[in-house]
Amino acid sequence: MLEVKGLRKVYRSGSREVEALRDLTFTVAAGELVCLVGPSGCGKTTLLRCIAGLLGPTSGEVTVGDRSGLAIVFQEYGRSLFPWMTVRDNVDLPLRQKKVPKARRRELVAEALTAVGLDGTESAYPWQLSGGMQQRVAIARAVAYEPSILLMDEPFAAVDAQTRADLEDLVRSLWQRLGMTILFVTHDIDEAVYLGQRVLMLSASPTVVQDELTVDLPAERDQLHTRADPRFVTLRTRVYSQIQAAKTGTASGAAGELSSADR
Amino acid sequence: MIKRLLLVLGLPVVLFVTWYAASANSENFYAPPLRQILAAFVDTWTPERLRADVLPSLARLGAGYLLAALIGIAAGVAIGANPRLRAAAEPVLEFFRAVPPPVLVPVIMLFAGIGNGMKVIVIVSGCVWPVLLNTVEGVRATDGVLADTARAYGLTGAARLRHLLLPSASPQIIAGLRQALSIAIILMVISEMFAASNGLGFTIVQFQRSFAIPEMWSGIILLGLLGFGLSELFRLAERHALAWYHGLRDAQRRS
């Protein structure tokens, strides 16, 4: 389980203060897949870095249980894989650090690479692979780590549309198989609705949780039919209008009416 | 293949032939014909001589260079990874770097005597700077996302050094080591010219003082060959150690 309570983050540089996150409170239940959307520049990355323990919050608290049960996938796949290591070593390194026995490590690495469809690339270097494959390596690294919580920071923002669709399905199938908690940050509304069980919408900076939506689409989703489902369209419209409202700073309003009509 | 060989060997052959032809009839005592120098080379650099003079030089070079590399990388990582230390140390480092190492030889002699220790210290005092400053730059330029990734996966302390900082700075570290290599050869010779009883630098000065001019020239040629051999060795090692870096750069250029 992941719990964020009254999280606030203020950046100080000299006498200037920028309030990136104002007051964020939400929980993600164990085994849940939650998507976080918000207008660009709303502090999504700051939030994720606070959760991952890479950044200390100004106030408030983040409860994630054991931090060593937390893995993260960044948007910049090209800069988050170690270019001096082969694919195998990249996936293996965090496990070595966690002191997993060698035989088990070999199993985990092989399983993770198979799970993301990268069999046969063990000895390649990341830069020999395409962008989508590099991001698969990063996902394999996270999966092999056997995290209880997986954080994903706009992981597919830099890959082409078709690869992106494949990777979205990959994330859902991994999540269904392995049952970890996933917090998926994105700026893509369709992606959020397609992937998540629940969508959290953030306001513009200084950020609060603007609204939240349960995605009551069937668990079995596929790119063709789910995206054409009228329910999908309704949900994405609702998220979209909330985000638009967040941008202009008028919380609820038209979107609120729509959401009450929904319920 | 043949074209490449011609390109590589072309200029050396032209220079050699030009020197050989131009000096063939030389009457100048200080610039003897190359023919004579080559004959002197074969006579002078016998296996005993190599053992007695070249080997000690190479040993000092090796010791000084390795020590400088060790100190330079260790201090460089410490300074590069620590912004406060860097702010404090950088002006001082620039000052020390600006002092030409040969002027330190007399000073170092006063403290360290005229033995091997002095020569090693002279080499270290000159070689450490390019290694140190390049390491600082390299460590400082460690990618932020990569550093975050390492932290998120619990890479701290020695593991962070070994798997993140050192490999990520290695292209710059190796550039520094390459600069240091040529400085090391120069300082090896200079330190042996001041006060020594063996070594390449000592032998060349000895030849010059006893007017054994062809032998002196042969020593200079040997030094050139030595420098060339070492830099080729270095290139081989670099190609192996930085294979990932060159591959990465090629991949980035292509896309």
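Nothing here was measured: the structure is a model prediction, and the numbers come from that model.

**Re the overall build of chain A**
Of the regular secondary structure elements, chain A holds ten helices and nine strands. In terms of overall size, chain A behaves like a compact globule, its C-alpha atoms giving a radius of gyration of 19 Å where 263 residues would be expected to give roughly 18 Å. Principal-axis analysis of the C-alpha atoms places the extent of chain A at approximately 55 × 50 × 30 Å. Expressed as a percentage of its 263 residues, the buried residues of chain A come to 52%. Summed over all atoms, the accessible surface of chain A reaches about 11,200 Å², with 49% contributed by carbon and sulfur.

**Description of the pairing of strand S6 (residues 149-153) of chain A**
All names here are of chain A. Most of S6 sits inside the fold, with five of its five residues counted as buried. Side-chain alternation along S6 places Ile149, Leu151 and Asp153 on one buried face and Leu150 and Met152 on a second face that is also buried. As paired strands, strand S5 (residues 70-73) and S6 are joined by four bridges and run parallel to one another. Residue Leu70 lies in a different strand from S6, and its bridge partner there is Ile149.

**Some thoughts on the pattern of salt bridges**
Pairing between side chains of opposite charge can happen when the charged atoms of each approach one another. Applying the stated criterion across every chain yields a total of 26 salt bridges over all chains. Overlapping salt bridges, with partners in common, bring together Arg164, Glu168, Asp188, Asp190, Glu191, Arg227 and Arg236 of chain A in one network.

**A look at the environment of Asn82 of chain B**
Residues and elements named next belong to chain B. Here Asn82 is to be found in the loop between helix H3 (47-80) and helix H4 (83-98). For Asn82, a relative accessible area of 34% puts it in the partly exposed group. In sequence terms Asn82 and Val139 are 57 residues apart; their C-alpha atoms lie 9.7 Å from each other.

**Regarding the UniProt feature "domain: ABC transmembrane type-1" (unreviewed entry) in chain B**
Using the residue numbers shown here, the UniProt feature "domain: ABC transmembrane type-1" (unreviewed entry) corresponds to residues 54-234 of chain B. The straight-line gap between the two end C-alpha atoms of residues 54-234 of chain B is 19 Å; of that span, 86% is helix and 0% is strand.

**Some details on the sheet that holds strand S3 (residues 33-37) of chain A**
In a beta sheet, neighbouring strands pair by backbone hydrogen bonds and run either parallel or antiparallel. All names here are of chain A. Pairing is mixed across the open sheet formed by nine strands, whose spatial order is S4-S1-S2-S9-S8-S3-S7-S6-S5. The open sheet has two free edges, formed respectively by strand S4 (59-63) and S5, since each of these has just one partner strand. Each strand axis lies, on average, 20° off the axis of its neighbour in the sheet, ignoring direction. Pairing geometry for strand S8 (residues 198-202) and strand S9 (residues 207-214), over five bridges, is antiparallel. Bridged to Val199 within S9 is Leu213. Sheet strands in contact with helix H5 (residues 131-144) are S5 and S6, and its direction is about 175° off that of S5. The sheet contacts of helix H6 (residues 161-178) involve S3, S6 and strand S7 (181-186), and relative to S7 the element is tilted by about 160°.

**Section: H4 of chain B**
Residue and element names in this part refer to chain B. Its 16 residues give H4 an end-to-end C-alpha distance of 22 Å, which sits within 8% of 22 Å, the value for a rise of 1.5 Å per residue. Along H4, the residues classified as buried are Arg86, Ala89 and Leu93. The secondary structure elements touched by the buried residues of H4 are H3 and helix H6 (116-140).

**Side note on the UniProt feature "domain: ABC transporter" (unreviewed entry) in chain A**
With numbering aligned to this structure, UniProt lists the feature "domain: ABC transporter" (unreviewed entry) at residues 2-229 of chain A. The span residues 2-229 of chain A shows a helical share of 36% and a strand share of 28%, and its end C-alpha atoms are spaced 31 Å apart.

**Thoughts on the interface of chain B and chain A**
Taken residue by residue, the interface counts 24 residues in chain B and 24 residues in chain A. Summed over both partners, the interface of chain B with chain A buries about 2,100 Å², with 66% contributed by carbon and sulfur atoms. On the chain B side of the interface with chain A, the three residues burying the most area are Val145, Tyr153 and Trp244 of chain B, jointly 33% of the side's total. One can count two salt bridges joining chain B with chain A. Along the contact surface separating chain B from chain A lie eight residue pairs in polar contact (both at pLDDT 80 or more). Broken down by secondary-structure element, the contributors of at least two residues to the side of chain B that touches chain A are helix H7 (144-152), helix H8 (157-194) and helix H11 (243-254) of chain B. Per-element tally for the side of chain B that touches chain A: the top contributor is H7 of chain B, with eight residues. Taken together, the residues of the side of chain B that touches chain A break down into 13 nonpolar, seven polar and four charged.

**Side note on the UniProt feature "transmembrane region" (unreviewed entry) in chain B**
All names here are of chain B. As annotated by UniProt and renumbered to match this structure, "transmembrane region" (unreviewed entry) occupies residues 63-82, 103-132, 180-205 and 217-237. For residues 180-205, helix accounts for 81% and strand for 0%, while the C-alpha atoms at its two ends are 24 Å apart. Secondary structure across residues 217-237 comprises 100% helix and 0% strand; the distance between its end C-alpha atoms is 31 Å.

Thresholds applied
Residues numbered from 1 in each chain as written. Chains lettered and ligands numbered in written order. Predicted model: local features only at pLDDT ≥ 70, side-chain atom pairs only at ≥ 80, totals over all residues. Heavy atoms only, no water. Helix = DSSP H or I, 4+ residues; strand = E, 2+ residues; numbered from the N terminus. Rg over C-alpha atoms; globule rule 2.2 N^0.38 Å. Buried < 20%, exposed > 50% of the residue type's maximum accessible area, 1.4 Å probe, protein only. Areas by Shrake-Rupley, 256 points an atom, 1.4 Å probe, with all protein chains shown as cover. Pairing = 2+ DSSP bridges. Salt bridge = Lys/Arg side-chain N within 4 Å of Asp/Glu carboxyl O. UniProt positions renumbered as here; feature names shortened; annotations may be inferred. Axes fitted to C-alpha atoms, helices over the stretch in contact; angles between N-to-C directions. Contact = heavy atoms within 4.5 Å. Expected span 1.5 Å × (residues − 1). Buried area = accessible area lost by both parts, 1.4 Å probe. Polar contact = N/O pair within 3.5 Å; in protein donor to acceptor, adjacent residues only side chain to side chain. Nonpolar A, V, L, I, M, F, W, Y, C, P; charged D, E, K, R; others polar.

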